[in-house]
Amino acid sequence: MTTTPPERACQEDAQSSIEATMNRRQFNCGLAAAGLLMLRRPQAMASGAVGDLRVNGARLNQHLAELSQFGKNPQGGVSRVAYTEADRQGREYVMGLMRAAKLDVSIDAAGNLVGRRVGSDNNLKPILFGSHIDSVPEGGNFDGDVGSLGAIEVAQTLAESSIVTRHPLEVIIFQNEEGGLIGSEAVIGALTEKELDLVNKSGKTVREGIKFIGGDTTKLATVKREKGSIAAYLELHIEQGGTLEAEHIDIGVVEGIVGINWWDVTIEGFANHAGTTAMNNRQDALLAAAKFIEAVNRLVTSIPGRQVGTVGRIQALPGAPNVIPGKVVCSLELRDLDAGKIQMLYQKIRAEADEIAKSSRVTFDFKELNANIPAPTDPRIRAIIAQSAKELGLTTKQMPSGAGHDAQDMARLGPVGMIFIPSIGGISHSPKEFSRPKDIENGANVLLRAVMRVDKANLSSG
Ligand SMILES: [Zn+2]
């Protein structure tokens, strides 16, 4: 199974220890001045020069405030869970914005909102950009919304400037991101029957929900796109971690979305009387688990890098003060941008578990539950995002995304890039989630430039 587990999509703080901070705000004046001259003749910009073109930050922030009314909760955030009435109303609102931005709007069979804009060469593959507007229960007003409305603002800006890109453009608002990247799974043809039968927090199955929002699950095949069928996918998103704010960086250039592997680990010993069984005659599964947990932490930190490993759930059986634990079931989670590194660490952990098993007279059994392969972003798009930020006088930092995003699915189809803006306090999936209006505007301006540079760049042959 390839989905991010539902509770975890977009959830975790991006793990970003230390990476190169790339640049300082220093230059922009010359480029902006040069661009000014070009802006007088909008059509002259058709091949990707951006000049001093900017999004309307006040309008974008106003739209965010308006969208936050749908599913608004008393804590100041939103509960706009996919397939609820609030979700449907929010989508109606967003479709209105898309039409105002002169996009040709449709709901695909999976329920994603797609706004198309023709290019000057419609033999070229489309450049897609967007995000999602569904939220977790008691979520915030920025996760997904910033990238969705930022994408529409980019389209609006292009329309107002009468700019025609070479590539067709598609603003795509994926449905039910928080429930396991459902909309983008459909786009890559990975949405399974089993997932369609899952009941989400709206109380509806995914199948019912897709119908509720205007899709048609009998026609899902029409949604599937082939590998190589897109020129690029770009997504603006809040960081959901605290690194950018803490380091006073304006823009995160995402290196990729980490791979996430989950295992259930079962340790079997022998349950026996805690009063009468001598200390040297025990097969204590919980004691072995304690050694295992320590080993996971030690092995994961024994090599350089930003990999993380966690035992986050544990159950000891039978679970009584006067019984030696005979069985333990715990979780193991490993994340990194490099799938090979995850496997290497897993093998080390397995080998150490074997040692613990021998010395503690227990057995270990590992069952893989879930493996999301890492999704690296395209280095050419990373460079374009960094350059775009630099032209705007913004500071950047390369960083992984520790949370799942629709971009990881889209990476199966073609080159992807992600732009992060700071999350204040690193808080997300909470009504306290917040990003500053200026950072939102900055992110949308970087997205605008990046779209136009990708348009110029010929990333794919088609
Ligand atoms: Zn999100």
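Just so it is clear, the model here is predicted, and its values are computed rather than measured.

Asks: Let's hear about the overall build of the protein: which residues, and what values?
Replies: Helices and strands together make up the secondary structure of the protein, namely 13 helices and 16 strands. Within the span of the protein, comprising 462 residues, buried residues form 56% of the whole. At a minimum sequence separation of 6, the contacts of the protein that also span at least 24 residues come to 81%. Working note: accessible area of the protein is about 18,400 Å², and carbon and sulfur atoms make up 54% of it.

Asks: An account of the confidence of the model for the protein is needed here, citing residue identities and associated values.
Replies: Predicted confidence across the protein gives a mean pLDDT of 90, with 89% of residues reaching 70 or more. Counted against residues more than four places away or in other chains, residues 1–48, with its pLDDT under 50, gives 127 contacts.

Asks: Summarise the pairing of strand 7 (residues 259–268); cite the residues concerned and give the values.
Replies: Of all ten residues making up strand 7, eight are buried, and the element is well covered by its neighbours. Where strand 7 and strand 12 (residues 327–336) come together, ten bridges link them in antiparallel fashion. Looking at strand 12, one finds that G259 is bridged to D336. Relative to strand 13 (residues 363–372), strand 7 runs antiparallel, the two being bridged by nine bridges.

Asks: I'd like to hear about the nonpolar core, residue by residue, with values.
Replies: For soluble globular proteins, nonpolar side chains are generally found buried alongside one another. Judged by nonpolar contacts, the single largest core of 56 residues is most densely connected at V94, M98, F129, V171 and L447. No other element matches helix 13 (residues 437–457), which puts nine residues into this core. Counting 34 residues, the second largest nonpolar core, distinct from the first, contains I182, L196, L220 and M399.

Asks: Let's hear about the environment of F270: which residues, and what values?
Replies: Inspection of the secondary structure assignment puts F270 in the loop between strand 7 and strand 8 (272–273). In sequence terms F270 and K327 are 57 residues apart; their C-alpha atoms lie 7.2 Å from each other. Setting aside residues no more than four positions away along its own chain, F270 makes contact with Q283, I324, P325 and G326.

Asks: Outline the pattern of salt bridges, supporting the account with residue identities and numerical values.
Replies: As enumerated under the stated definition, the model contains 22 salt bridges in all. Measuring nitrogen to oxygen at the nearest pair gives 3.9 Å for the salt bridge that ties E226 to K224. With a relative accessible area of 41%, K224 lands in the partly exposed category. Among the salt bridges present, the one from K358 reaches E355, with a minimum N-O distance of 3.8 Å. One end of the pair is K358 and the other is E355, both in helix 10 (residues 339–360) and three residues apart, which spans about a single turn. The partly exposed category is assigned to E355, whose relative accessible area is 48%. Beyond isolated ion pairs, a larger network of salt bridges with shared partners links R59, E153 and E160.

Asks: For helix 3 (residues 85–100), give the residues involved together with the corresponding values.
Replies: In this model helix 3 runs 23 Å from its N-terminal to its C-terminal C-alpha over 16 residues, within 8% of the 22 Å that 1.5 Å per residue would give. Packing partners of the buried residues in helix 3 comprise helix 2 (57–67), strand 1 (104–107), strand 2 (113–117), helix 4 (145–160) and strand 4 (169–174).

Asks: So, unusual backbone geometry: which residues are in play, and what are the values?
Replies: The residue after L317, namely P318, is reached through a cis peptide bond having omega 5 degrees. Mapped onto the fold, P318 is located in the loop between strand 10 (314–317) and strand 11 (323–324). In the Ramachandran plot, K102 falls in the positive-phi region, its phi being about 65 degrees despite a non-glycine side chain. Assignment of secondary structure puts K102 in the loop between helix 3 and strand 1. Positive phi, normally seen in glycine, also occurs at N176, with a value near 45 degrees. With respect to the helices and strands, N176 occurs in the loop between strand 4 and helix 5 (182–187). Given a relative accessible area of 3%, N176 falls into the buried group.

Asks: Mind laying out the packing of aromatic side chains, listing which residues take part and the relevant values?
Replies: Tallying each qualifying case throughout the model produces eight aromatic pairs. With 5.8 Å between their ring centres and 80 degrees between their planes, Y346 and F366 make a pair best called edge-to-face. Here Y346 is found in helix 10, whereas its partner F366 is found in strand 13, with 20 residues between them in sequence. The exposure class of F366 is buried, given its relative accessible area of 11%. Grouping aromatic residues by their ring pairs yields a cluster made of W263, F292, Y346, F364 and F366. Taking the ring centre of F212 as reference, the NZ or CZ of K204 above it sits at 4.1 Å.

Asks: Mind laying out the environment of I424, listing which residues take part and the relevant values?
Replies: Inspection of the secondary structure puts I424 in the loop between strand 16 (416–421) and helix 13. Distance in space between the C-alpha atoms of I424 and G241 is 8.4 Å, their sequence separation being 183 residues. Those residues in contact with I424 that lie beyond four places of it in its chain are E245, F434, S435 and R436.

Asks: Break down a nonpolar patch on the surface for me, with residues and values.
Replies: A contiguous nonpolar patch, built from L286, I293 and I314 and spanning about 220 Å² of accessible area, is present on the exposed surface. With respect to the element layout, L286 can be found in helix 9 (residues 285–300). By relative accessible area, which is 33% here, L286 ends up partly exposed.

Asks: So, the packing of helix 9 against helix 10: which residues are in play, and what are the values?
Replies: Where helix 9 contacts helix 10, the axes come no closer than 10 Å and their chain directions differ by 150 degrees. Comparing their axes, helix 10 and helix 9 come out roughly antiparallel. Between helix 9 and helix 10 the crossing geometry is right-handed. Between helix 9 and helix 10, the residues in contact are A288, K291, F292, A295, V296, R298, L299 and V300 and L345, K348, I349, E352, A353, I356 and S360, respectively.

Asks: Before we move on, could you go through the side chain of E333 and cite the residues and values that matter?
Replies: Its place among the elements puts E333 in strand 12. Within the structure, the side chain of E333 is placed 2.7 Å from the side chain of W262, a separation counted as a polar contact.

Rules used throughout
- Residues numbered from 1 in each chain as written.
- Predicted model: local features only at pLDDT ≥ 70, side-chain atom pairs only at ≥ 80, totals over all residues.
- Heavy atoms only, no water.
- Helix = DSSP H or I, 4+ residues; strand = E, 2+ residues; numbered from the N terminus.
- Buried < 20%, exposed > 50% of the residue type's maximum accessible area, 1.4 Å probe, protein only.
- Contact = heavy atoms within 4.5 Å.
- Areas by Shrake-Rupley, 256 points an atom, 1.4 Å probe, with all protein chains shown as cover.
- pLDDT = per-residue confidence, 0-100.
- Pairing = 2+ DSSP bridges.
- Core = buried A, V, L, I, M, F, W, Y, C linked by side-chain atoms within 4.5 Å.
- Salt bridge = Lys/Arg side-chain N within 4 Å of Asp/Glu carboxyl O.
- Expected span 1.5 Å × (residues − 1).
- Phe/Tyr/Trp six-rings, centres within 6.5 Å; stacked < 30°, edge-to-face > 60°.
- Lys NZ or Arg CZ within 6 Å of the ring centre and 35° of its normal.
- Patch = residues over 30% accessible without salt bridge, like charges linked within 9 Å, V, L, I, M, F, W, Y side chains within 5 Å.
- Axes fitted to C-alpha atoms, helices over the stretch in contact; angles between N-to-C directions.
- Parallel < 35°, antiparallel > 145°, perpendicular 65-115°, else oblique.
- Left-handed = near helix turned anticlockwise from the far one by under 90°.
- Polar contact = N/O pair within 3.5 Å; in protein donor to acceptor, adjacent residues only side chain to side chain.

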